[in-house]
Amino acid sequence: MIIFLYMKNTILIPVVFLGNLILWAVLLSLVTVPASYASLMALSTGQFSVIVGGIISSALYLFPLSLMLTFIYLFFYLMRHRTILFVSLPLILVLAALSVIFFIPLSYRLSAKGMAYAVARSGVSDTSLSPEGSATLFSPGLIRDGDSGKRIFWLDEAGAGKRARGVVVADRSAMPGSLAMSVYPSADYDTATKQLSAQGALLMVPAGGKDPLIASRLEIPSFLSHLARDANYLLASFRAAGANGDVAYYSVVGSFFALLCCLYFVCHASGWRLLNALLALTAFRFILMGYPHTTGGLAFDTARRFMPAAIPDALVSPAILSAAAALSLIVGIAVFIVRKIRRGGEASFDD
């Protein structure tokens, strides 16, 4: 009866993998897209197709990170459920190999096709699709600080965002008894200089682009910004390696996933599963935090001094990751053997 339970848990590994991969891809995209300025502006103007496109694009961009979190959960699954070890571990390695060889390159191809389609449909360049590249007029209905102590408010916009209508200007620097408020039927907005002017008078600059009243509310905490920075650096390194050819791609991505798979040993570091899960997540965070140093920091410089000059700089980081993975594998196997000896040949990582 127990062997059938082990078989069932082992057979469910691909199902758990696929379910978690879909879950993480959807969850990460739904968290990141609404937090961006461009998506929030699209949502406020009812451009739901832009939101859907952003979710799909974000899911494809973050797909390698979704795979990493999926494998970490698989290790938690193996920690929680008894399986046939000599079947489940090779199955995990096969899924990791498929992720590196097939799944991640497929996400890159789909992402490139989606971006090319979006650019062809909109007729603009990639840079103009970003919120920083947009120079549209600020949203109406908000009181803003203008030039020379003015406070400006406009009711509506027209002319494809090149004109503000119903503009009210309050001059706080006006002397008592003088005209302190002006009303303009409309004001012209220059997308090149981001200046808003009416009847020859400059009212506000900048009056377009990334709205500071809204963007300031989207700032994330520092610990999350550091995590996002490290994750983006890793994802950018993966894409750059993919653009540099198969050798660069498989060396960078393959070595990183080899080290990621070594988190399995961390999940069995002690008999307390909750502690093991926290240790695995902490180790993953340290891997993300330390990866930039392997491509140009202290770890890179140290390793470079001990490596032959014939080895290109692009292979230094994969060499460091591979060495760390090999060391983790040796330590993990040694711990397994010691536990087996101490417990009379009956111990395993599941104990």
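Everything numeric in this text was worked out from a predicted model, so none of it was measured.

Scoring rules and cut-offs
- Counting starts from 1 at the beginning of each chain's written sequence and moves along it residue by residue.
- Totals for whole chains, interfaces and linings use all residues, but because this is a predicted model, local features are given only for residues with pLDDT of at least 70 and pairs of side-chain atoms are given and counted only at 80 or more.
- Excluded from the side-chain calculations are hydrogens and water; all other atoms, namely the structure's heavy atoms, are used.
- Residues enter a nonpolar core if they are buried and are Ala, Val, Leu, Ile, Met, Phe, Trp, Tyr or Cys, with the set joined through side-chain atoms within 4.5 Å.
- When a residue's accessible area, from a 1.4 Å probe over protein chains only, is under 20% of the maximum for its type it is buried; when over 50% it is exposed; and in between it is partly exposed.
- Comment: elements are numbered from the N terminus, with helices defined as DSSP H or I runs of at least four residues and strands as E runs of at least two.
- Pairing of aromatic side chains requires ring centres within 6.5 Å, counting the rings of Phe and Tyr and the six-membered ring of Trp. Pairs whose planes differ by under 30 degrees are stacked, by over 60 edge-to-face, and all others tilted.
- Strands qualify as paired when DSSP identifies two bridges or more between them.
- A cavity here means a set of points on a 1 Å grid, drawn over the protein atoms and nothing else, where a 1.4 Å probe fits but cannot get out; a pocket is an open set with protein on both sides within 12 Å along at least five of seven lines, and a residue lines either one if it has an atom within 4 Å of a point.
- Grid points are joined across faces, edges and corners, and a volume is the space filled by probe spheres set on the points.
- When residue character is reported, Ala, Val, Leu, Ile, Met, Phe, Trp, Tyr, Cys and Pro are called nonpolar, Asp, Glu, Lys and Arg charged, and the others, Gly included, polar.
- For a helix, the expected span equals 1.5 Å multiplied by the number of residues minus one.
- By salt bridge we mean one thing: a side-chain nitrogen of Lys or Arg within 4 Å of a carboxyl oxygen of Asp or Glu.
- Think of it this way: the bend at a residue is just the angle between two axes, each fitted to seven residues, one set ending at that residue and the other starting at it.
- Here, residues are in contact when the closest pair of their heavy atoms is within 4.5 Å.
- As used in this structure description, the phrase polar contact means that two N or O atoms lie within 3.5 Å; if the pair is within protein, one of them must be able to donate a hydrogen and the other to accept it, and residues adjacent in sequence are counted only when both atoms belong to side chains.
- Here pLDDT means the predictor's own confidence in every residue, given as a number from 0 to 100.

**A look at the nonpolar core**
So, point 1. Ranked by size, the top nonpolar core spans 52 residues in total, and within it Met-68, Phe-71, Phe-238, Phe-256, Phe-257 and Phe-284 carry the most contacts.
So, point 2. Counting residues per element, the ones that place at least two in this core are α2 (13-32), α5 (63-80), α6 (85-122), α8 (222-243), α9 (246-261), α10 (263-266), α11 (273-296) and α13 (316-342).
So, point 3. If one sorts the elements of this core by residue count, α5 sits on top with 13 residues.
So, point 4. Counting 15 residues, the second-largest nonpolar core is a separate cluster that includes Val-167, Val-169, Ala-187 and Ala-207.

**Focus: the packing of aromatic side chains**
So, point 1. Under the counting rule described, the total for this entry stands at 10 aromatic pairs.
So, point 2. When the ring of Phe-75 is compared with that of Tyr-264, the centres are 6.2 Å apart and the planes differ by 70 degrees; the resulting orientation is edge-to-face. You can see Phe-75 sitting in helix α5 and its partner Tyr-264 sitting in helix α10, a full 189 residues away along the chain. Like Tyr-264, Phe-75 is buried.
So, point 3. A ring pair is formed by Phe-238 and Phe-256, whose centres lie 5.7 Å apart and whose planes are at 80 degrees; its orientation type is edge-to-face. With Phe-238 in helix α8 and Phe-256 in helix α9, this residue pair connects regions lying 18 residues apart in the sequence.

**A look at the pairing of strand β3 (residues 163-171)**
So, point 1. Two strands pair when backbone bridges link them, and strand β2 (residues 150-158) and β3 are joined in this way by eight bridges, in the antiparallel orientation. The residue of β3 that forms the bridge with Lys-150 is Asp-171.
So, point 2. Relative to strand β4 (residues 181-190), β3 is paired through seven bridges, and the arrangement is antiparallel. If you follow Arg-163 over to β4, its bridge partner there is Asp-188.

**So, the layout of surface pockets**
So, point 1. The volume enclosed by the second largest pocket comes to roughly 370 Å³.
So, point 2. Lining the second largest pocket we find 21 residues, and of these Leu-259, Cys-262, Val-266, Ala-324 and Ser-328 sit closest to its centre.
So, point 3. Broken down by element, the residue count for the lining of the second largest pocket peaks at eight residues, all from α13.
So, point 4. Grouping the amino acids of the lining of the second largest pocket by side-chain chemistry returns 15 nonpolar, five polar and one charged.

**A few points about α2**
So, point 1. Relative to the 28 Å expected for 20 residues at 1.5 Å per residue, α2 spans 28 Å between its end C-alpha atoms, a close match to the ideal helical length.
So, point 2. Ile-13, Val-16, Phe-17, Asn-20, Leu-21, Ala-25, Leu-28 and Ser-29 are the residues of α2 that are buried.

**A few points about the pattern of salt bridges**
So, point 1. Summed over all chains, the structure comprises five salt bridges.
So, point 2. A salt bridge links Asp-188 to Arg-163; its shortest N-O distance comes to 3.4 Å. Within this pair, whereas Asp-188 is found in strand β4, its partner Arg-163 is found in strand β3, the two being separated by 25 residues in sequence.
So, point 3. Residue Arg-163 is classed as partly exposed on the basis of its relative accessible area of 42%.

**A few points about unusual backbone geometry**
So, point 1. The omega torsion of the bond from Val-205 to Pro-206 falls at -5 degrees, within 30 degrees of zero and hence cis.
So, point 2. Residue placement: Pro-206 occurs in the loop between β6 (201-204) and α7 (212-215).
So, point 3. Unusually for a residue other than glycine, Lys-194 sits at a positive phi of about 60 degrees.
So, point 4. Inspection of the secondary structure assignment puts Lys-194 in the loop between β4 and β5 (195-198).

**Side note on α11**
So, point 1. Between its first and last C-alpha atoms α11 spans 36 Å; for 24 residues at 1.5 Å apiece the expected length is 34 Å, and the two agree.
So, point 2. Where α11 bends most, at Gly-290, the angle is about 30 degrees, and the proline Pro-292 comes one to four residues later.
So, point 3. Among all positions in α11, only Asn-276, Ala-277, Ala-280, Phe-284, Ile-287, Leu-288, Tyr-291 and Thr-294 are buried.
So, point 4. In the core, the buried residues of α11 are packed alongside α5, α8, α9, α10, α12 (298-306) and α13.

**Describing the environment of Thr-282**
So, point 1. Tracing the chain through its elements places Thr-282 in helix α11.
So, point 2. In this structure Thr-282 comes out as partly exposed when scored by relative accessible area, which is 38%.
So, point 3. Looking at Thr-282, its side chain comes within polar contact range of the main-chain oxygen of Leu-278, at 2.7 Å.

**Observations concerning the sheet that holds β5**
So, point 1. Taken in spatial order, the six strands make up an open sheet running β1-β2-β3-β4-β5-β6, and their pairing is antiparallel. Looking at the sheet topology across the chains shown, the edges are occupied by β1 (144-145) and β6.

**Description of the confidence of the model for the chain**
So, point 1. Looking at the chain as a whole, the pLDDT averages 83, with 86% of positions reaching at least 70.
So, point 2. Within the model, pLDDT remains below 50 along residues 122-133, and this stretch shows 12 contacts once partners closer than five positions in the same chain are excluded.

**Some words on the pairing of β4**
So, point 1. Sheet topology note: the β4/β5 ladder contains three bridges and is antiparallel. Bridging from a neighbouring strand, Tyr-189 pairs with Leu-196 of β5.
So, point 2. The loop that links β4 with its antiparallel partner β5 comprises four residues; one of these, Lys-194, has a positive phi angle of about 60 degrees.

**Some thoughts on the side chain of Asp-230**
So, point 1. Among the structural elements, Asp-230 can be located in helix α8.
So, point 2. Take Asp-230: its relative accessible area is 4%, and that puts it in the buried class.
So, point 3. Reaching out from Asp-230, the side chain makes a polar contact with the side chain of Arg-229 at a distance of 3.3 Å.
So, point 4. When sequence neighbours within four positions are dropped, the list of residues in contact with Asp-230 reads Arg-285, Leu-288, Met-289 and Pro-292.

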